[in-house]
Structures are given as structure tokens and as C-alpha cells.
Amino acid sequence: MIVSIIAAVAENGVIGRDNQLIWHLPVDMRFFMKTTEGHCILTGRRNYESIPEKMRPLKNRTNIVVTRQPDYQPESRQLKIVNSIEDGIDLALKLKEKELFIIGGGQIYQQTVQLADRLYITEVKQSLEGDTYFPTIDHTHWNELSRIIYPADQNHAHDMHFVVYERSN
Ligand SMILES: NC(=O)c1ccc[n+]([C@@H]2O[C@H](COP(=O)([O-])OP(=O)(O)OC[C@H]3O[C@@H](n4cnc5c(N)ncnc54)[C@H](OP(=O)(O)O)[C@@H]3O)[C@@H](O)[C@H]2O)c1
């Protein structure tokens, strides 16, 4: 099973503020939905709860929520709850997933970047204020596989680069 991380990251590493995203980037949202469709997604409890109620669990994918709360009640029968990241990865393996997507937030990215095989990073070409960061990517461990440039337009305030990295060692 490939373990992938997917994130949109500002130039200064910021990914969120006040448990929300800090931008409205419809093209990136569509990229996220298309890339993760049909797969298991692993999310921290805070990121999960930041998804608008009517959109969660994200449909057409297996939503796995990581929490340390032993009695956390799933709000939907489709939702899988685990108490560690390792248990989340094991569950995806048991479900015969081919590519697990780790979808954040900051705490979960920090704890998984060292075990991921692939990174799907939307580089948002602007430094922005926030309180949650993506870990620094050590480029000596990652090969850039592809980069698609999407310039800012009337619906997107920032230039974006859609970059895929694969672990090199
Ligand atoms: N730009 C992007 O691509 C992107 C993507 C995703 C999220 N975000 C942003 O990131 C922010 C949320 O990130 P966050 O760092 O605050 O929270 P988070 O990583 O989404 O969730 C943290 C929670 O996950 C659980 N957790 C963490 N490590 C665990 C472990 N080892 N074992 C078991 N449970 C564990 C804990 O839940 P309990 O407290 O329940 O124990 C913890 O409070 C928001 O602003 C969101 O918008 C941005």
C-alpha cells in the first residue's frame, strides 16, 4: 500500500488558522476530491470536525478519524474511528487499500511525513498568516515527479503549483 499525504501549503508553511482553511481555491478542492475519491482517507479529529457538517463524512471514500479519545462517538455509521495513526494505517491495509491518503491536519502531517511514500502538495504562492503549519519538506529525500502550474484568476487569489513528490530513499 502506498501512503500518500495531500496538502495545500502556503510559501511560509501555513495550512490553516482557527481550525479552518485560509483560502478559497476551488480548483485545489476539485483536485483533492478527485485524487482521493474511492480511497481511504486518514484525518485528525480536528480536521475532520472542520469539514462542513453537510459534507462529512466525505462521500465515495472511507473516512478514518484519528483521536486519542477512547469513547469518541462516530456521527455516522460510515465513519471509522481509530486511536492511533498506526491503527488507521492497519485498517486501510485490512480494507485492501492500494493508496491511503493522509489529509491532515497539522498534527497528523507532522507525525506522518517521515513514513509517507508520496506527497501531493499544492504550493500556494503566497505567505499567509495562520496557526497551523506543514512540516518542512527535506528535499534530499524527495524526487519531484510532476509540477502543474495554475496561475491566479478571478476565482483564485493566488498562483498554485500542483506538485507530486516520491520518496527517493
Ligand atoms: N491546507 C491543507 O491542505 C489542510 C489540510 C488539512 C487540515 N488543514 C488545517 O489544519 C488545521 C487542523 O490541524 P490540527 O493540527 O489543529 O489538528 P489535526 O491534525 O486535524 O487533529 C489533531 C487531533 O488528532 C488527534 N491526534 C493527533 N495525533 C494523534 C495520535 N498520534 N494518536 C491519536 N490521535 C491523534 C487528536 O484528537 P483528540 O483531541 O480527539 O484526541 C488531536 O487533537 C485546520 O486549520 C485545518 O483547516 C489544512
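Use the structure listed above.
What comes next is a walk through the structure. This one's a predicted model, so the numbers in the text were calculated from it and none came from an experiment. (Residues numbered from 1 in each chain as written. Predicted model: local features only at pLDDT ≥ 70, side-chain atom pairs only at ≥ 80, totals over all residues.)

For a regular strand, side chains alternate in direction, first toward one face of the sheet and then toward the other. Where burial is concerned, most of strand β3 (residues 40-44) is hidden: 5 out of the 5 residues are buried. By the alternation rule, side chains of β3 split into C40, L42 and G44 and I41 and T43, which are all buried. A crossover links β3 with its parallel partner strand β4 (residues 62-66), the connecting element being helix α2 (residues 45-50), and its sense is right-handed. In terms of strand pairing, β3 meets strand β6 (residues 99-102) through 2 bridges, oriented parallel. Within the sheet, the bridge partner assigned to I41 lies in β6 and is F101. (Buried ≥ 20, exposed ≤ 12 C-beta atoms within 10 Å, placed from the backbone. Helix = DSSP H or I, 4+ residues; strand = E, 2+ residues; numbered from the N terminus. Right-handed = clockwise from strand over helix to strand, strands pointing away. Pairing = 2+ DSSP bridges.)

Overall, mixed pairing links the 8 strands, which are arranged β5-β4-β3-β6-β1-β7-β10-β9 in an open sheet. Of all the strands in the sheet, just β5 (80-82) and β9 (142-150) have a single pairing partner and so form its edges. Averaged over all pairs of adjacent strands, the angle between strand axes in this sheet comes to 20°, irrespective of strand direction. Against the sheet, helix α1 (residues 26-36) engages β1 (2-10), β3, β6, β7 (118-124), β9 and β10 (160-167), with an angle of about 175° to β1. Running at roughly 160° to β4, helix α3 (residues 85-94) makes contact with β1, β3, β4, β5 and β6 of the sheet. (Axes fitted to C-alpha atoms, helices over the stretch in contact; angles between N-to-C directions. Contact = placed C-beta atoms within 7 Å.)

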